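Topology and contacts: notes
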Amino acid sequence: MPRKAGYDLGYDDYGDYDDYGYDEDADEAYGDNPDVDGYVEEETPKVFQTASKPGTWSCPICTFANDEDLSACDICGVLRDPVVSNNGNNKKSGNTMELSSSGISEKKEKVNQLPSKNKLKAPSASVPEVGQPSSYGRNGSSLDDDNLQTLNNSFNKVKMSAGSGSSQNRVSTQKAKSVSPYKPEKWMLPEQDGKLTQLNLAIVGHVDSGKSTLSGRLLNLLGRISQKEMHKYEKEAKQQGKGSFAFAWAMDESAEERERGITMTVGVAYFDSKKYHVVVLDSPGHKDFVPNMISGATQADAAILVIDASMGAFEAGIDANGGQTREHAQLIRSFGVDQVIVAVNKMDVVGYAKERFDSIKSQLGLFLRSCGFKDSFLSWIPLSAMENQNLVTAASDARLSSWYEGPYLLDAVDSLQPPVRDVSKPLRMPICDFIKSQSLGQLAVSGKLESGALRNGSKVMVLPYGDVATVRTIERDSKPCSVARSGDNVAVSLQGIDANRVMAGGVLCHPDFPVAIASCFELKVLVLDVVMPILIGSQIEFHVHHAKEAARVKKIVSLLDQKTGKVSKKAPRCLTSKQSALIEVNLDAAVCVEEFSECRALGRVFLRSSGRTIAVGIITRIIE
């Protein structure tokens, strides 16, 4: 899967402009203390005289002695020669300039008017609003209309410079909300056409537990793989000395996967049951390919957790140090999957022993309940994929049928509750992968529609770059279709966009309702089994839908009580296993996300470090 390109949307920091306005010390000196020299209690304005030194001119606002060659005050920026007043005479505020027959002579003295004590403004109004300037300057002196206009211009420049430094970046990262609320069109609503409901089913579990073999056997029994193709797979597998991998090769198609004997990417296949059109997502079980497993299994509505029943294999998968059964169970629960079929595979290796099945069910059931799974949504099926026992029909081996009378695997799939599809919200389709054809000039992206709908000719915005493209064709299950709705796994051909502006981890969305693009978030996380505590500044991998970025823990806001969700401790120093917390993270590059309350699929995150998942959580706030 292509690595997401880095693009940094940094922001400049600006200080607060809080030094505009008069000083409180000046108020104390001139307004409240009649004994201060130069202060006289009168009803008329007080006069404070300051003489300019030779070679300098005095600012009419702050009275600073500026060099002769300066045209504006070096302190407050007020012009030395302001605009002439509207009264039509030649009087100017500040240093007045008089024309004479001999040239220009400058007055050497300047008088600043101070207001009376009862007219002095309160010190709270330090920065006047634009268009409503204060009546007094920095030191409380009275200003005429020309100087007020000059001050307004200065303040406007200050505010523009403070706010414009990162305006372009800010526009690209903030969520541009449409004025009118989103309303789905009539064609977007699901049709009651008698078609089977689509169910995205993830096959997960520890490495070598038989996930690909189980998937291949199901496809063969249901007619998705012909006998001719199976004969070909068996022949090729025997030639490489891996005859038992024939069914797995139906899902593991790449040469590297077949040579190593492990699944490395998510395989996608389809079959129909009585109730569902099932999309099989065969996920890799090796710990090195957990990021690929996350990318594929985030699309799941339900899951089959495959367990190796052979002695020592189950114990290795459930082990806290590197057991992928444990990690996969925690991950699929974090994906929002609450319905799980636990397929205890390879029962033929242990002679279909009921004691072994009960032991696995007891130990694993305790762990699954701790992950948040409910017993009512768990199904336990003992089976053997190699010997075709308890897959699409009831078990024929007496060693199994003598004590197990529950449903077989395909029957358990049909007993799952149908997933809820959201077509009432704008289009959201995270890009899982993309294919570009240089010769034909075509570009296709694939993924699952999390919300909304698509049809041929629709305009879509491709984020993070924000280009608008047109939907050329749509394929579902490798067959063309005219409309795709929420929940469908599709390949969408686009036109009118450069292929270099599309990436895995991007999002197709409605042009008027784009998702947010940001690099700083507040997360509510649950820490898993970790060896080292999570500290402020810890370097982590940040996973959200199909995007992965390097990140850093910026702040640990608080610890949360897992039962009530209330804050139990503010600003803890670190996070340890099984703790819930609010944290802030900074990413090296921005990603397309939504708050969890807006879109669950784009708001679930996974934090990994040193090849292990250390925390799972949701985005509670996007920090601009």
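Remember, predicted model here, so these are calculated numbers, not experimental data. (Residues numbered from 1 in each chain as written. Predicted model: local features only at pLDDT ≥ 70, side-chain atom pairs only at ≥ 80, totals over all residues. Heavy atoms only, no water.)

1. As for the overall build of the chain
Of the regular secondary structure elements, the chain holds twelve helices and 31 strands. Looking at the 624 residues of the chain, the share that counts as buried comes to 48%. Expressed as a percentage of contacts within the chain between residues at least 6 apart in sequence, the contacts between residues at least 24 apart total 69%. Per element, the accessible surface of the chain, about 31,300 Å² overall, is 49% carbon and sulfur. (Helix = DSSP H or I, 4+ residues; strand = E, 2+ residues; numbered from the N terminus. Buried < 20%, exposed > 50% of the residue type's maximum accessible area, 1.4 Å probe, protein only. Contact = heavy atoms within 4.5 Å. Areas by Shrake-Rupley, 256 points an atom, 1.4 Å probe, with all protein chains shown as cover.)

2. Here we look at the environment of glycine 55
Here glycine 55 lies in the loop between strand S1 (46–51) and strand S2 (56–58). Note: C-alpha distance between glycine 55 and aspartate 67 (twelve residues apart in sequence) is 6.4 Å. Discounting chain neighbours no more than four positions away, the residues touching glycine 55 are Asn66, Asp67 and Glu68.

3. Quick look at the packing of helix H9 (residues 324–334) against helix H10 (residues 354–371)
Between H9 and H10, the shortest axis-to-axis distance is 10 Å and the interhelical angle comes to 35 degrees. The handedness of the crossing between H9 and H10 is right-handed. Counted together, Thr325, Arg326, Ala329, Gln330 and Arg333 of H9 and Leu364, Phe367, Leu368 and Cys371 of H10 form the full contact between these two elements. Looking at the contact of H9 with H10, its residues break down into five nonpolar, two polar and two charged. (Axes fitted to C-alpha atoms, helices over the stretch in contact; angles between N-to-C directions. Left-handed = near helix turned anticlockwise from the far one by under 90°. Nonpolar A, V, L, I, M, F, W, Y, C, P; charged D, E, K, R; others polar.)

4. So, the packing of helix H7 (residues 290–297) against H9
Two numbers describe how H7 lies on H9: the axes approach to 11 Å, and their chain directions differ by 30 degrees. Judged by the twist between their axes, the crossing of H7 over H9 is right-handed. On H9, the residues touching Val290, Met293 and Ile294 of H7 are Gln324, Glu327, His328, Leu331 and Ile332. Grouping the amino acids of the contact of H7 with H9 by side-chain chemistry returns five nonpolar, two polar and one charged.

5. Remarks on the sheet that holds strand S10 (residues 302–308)
Neighbouring strands of a sheet are bound in pairs by backbone hydrogen bonds; such pairs are parallel or else antiparallel. What the six strands build is an open sheet, ordered S8-S9-S7-S10-S11-S12; its pairing is mixed. The open sheet has two free edges, formed respectively by strand S8 (267–272) and strand S12 (378–382), since each of these has just one partner strand. Mean inter-strand twist for the sheet, computed between neighbouring axes without regard to direction, equals 25 degrees. The sheet contact formed by strand S11 (residues 340–345) and S12 spans five bridges and is parallel. (Pairing = 2+ DSSP bridges.)

6. Side note on the side chain of arginine 326
Along the chain, the position of arginine 326 falls in helix H9. The contact partners of arginine 326, leaving out residues within four places of it in the chain, are Gly317, Ile318, Asp319, Ala320, Phe367 and Asp529.

7. As for the pairing of strand S31 (residues 612–622)
Examined bridge by bridge, strand S23 (residues 516–527) and S31 share seven bridges and lie antiparallel to one another. Considered in S31, the bridge of lysine 524 is made with isoleucine 618. Looking at chain direction, strand S30 (residues 604–609) and S31 are connected through six bridges and run antiparallel. Bridged to arginine 604 within S31 is isoleucine 618. Taking the residues that link successive antiparallel strands as the turn, the S30-S31 hairpin has two residues, and the phi of serine 610 there is positive, at about 55 degrees.

8. Concerning the pairing of strand S26 (residues 547–560)
Of the pairings in the sheet, the one linking strand S25 (residues 539–544) to S26 comprises six bridges and is antiparallel in character. Across the sheet, isoleucine 540 pairs through a bridge with alanine 551, a residue of S26. Judged from the three bridges that link them, S26 and strand S27 (residues 567–570) form a sheet pairing that is antiparallel. Within the sheet, the bridge partner assigned to leucine 560 lies in S27 and is valine 567. A loop of six residues connects S26 with S27, the two strands running antiparallel in sequence, and glycine 565 in this loop sits at a positive phi of about 80 degrees.

9. Section: the side chain of serine 212
Position of serine 212 relative to the elements: it lies in helix H4 (residues 211–221). Residue class for serine 212 comes out buried when judged on its relative accessible area of 7%. Within the structure, the side chain of serine 212 is placed 2.6 Å from the side chain of aspartate 282, a separation counted as a polar contact. (Polar contact = N/O pair within 3.5 Å; in protein donor to acceptor, adjacent residues only side chain to side chain.)

10. Focus: the pattern of salt bridges
Summed over the entire model, instances satisfying the criterion amount to 17 salt bridges. Linking glutamate 327 and arginine 608 is a salt bridge whose minimum nitrogen-to-oxygen distance equals 3.1 Å. Taken as a pair, glutamate 327 in helix H9 and arginine 608 in strand S30 lie far apart in primary sequence, 281 residues in all. Comparing glutamate 327 with arginine 608, the two get one shared label, buried. Here glutamate 584 makes a salt bridge to arginine 621, at a shortest N to O gap of 3.8 Å. (Salt bridge = Lys/Arg side-chain N within 4 Å of Asp/Glu carboxyl O.)

11. What to know about H9
By the criterion of burial, H9 is predominantly enclosed, with ten of the eleven residues buried. One or two residues past the end of H9 sits glycine 336, with phi positive at roughly 95 degrees.

12. What about the packing of aromatic side chains?
One pass over the full model with this rule turns up four aromatic pairs. When the ring of phenylalanine 357 is compared with that of tryptophan 403, the centres are 5.6 Å apart and the planes differ by 45 degrees; the resulting orientation is tilted. You can see phenylalanine 357 sitting in helix H10 and its partner tryptophan 403 sitting in the loop between helix H11 (398–401) and helix H12 (409–414), a full 46 residues away along the chain. Residue classification places phenylalanine 357 among the buried positions, given a relative accessible area of 5%. Centre to centre, the rings of phenylalanine 521 and phenylalanine 542 are 5.4 Å apart; their planes meet at 10 degrees, and the pair counts as stacked. In this pair, phenylalanine 521 sits in strand S23 while phenylalanine 542 sits in strand S25, placing the two residues 21 residues apart along the sequence. Considered together, phenylalanine 521 and phenylalanine 542 belong to a single accessibility category, that of buried residues. Aromatic ring contacts, followed pair by pair, group Phe357, Trp403 and Tyr404 into a single cluster. The ring centre of phenylalanine 373 lies 5.7 Å from the NZ or CZ of arginine 333, which sits over that ring. (Phe/Tyr/Trp six-rings, centres within 6.5 Å; stacked < 30°, edge-to-face > 60°. Lys NZ or Arg CZ within 6 Å of the ring centre and 35° of its normal.)

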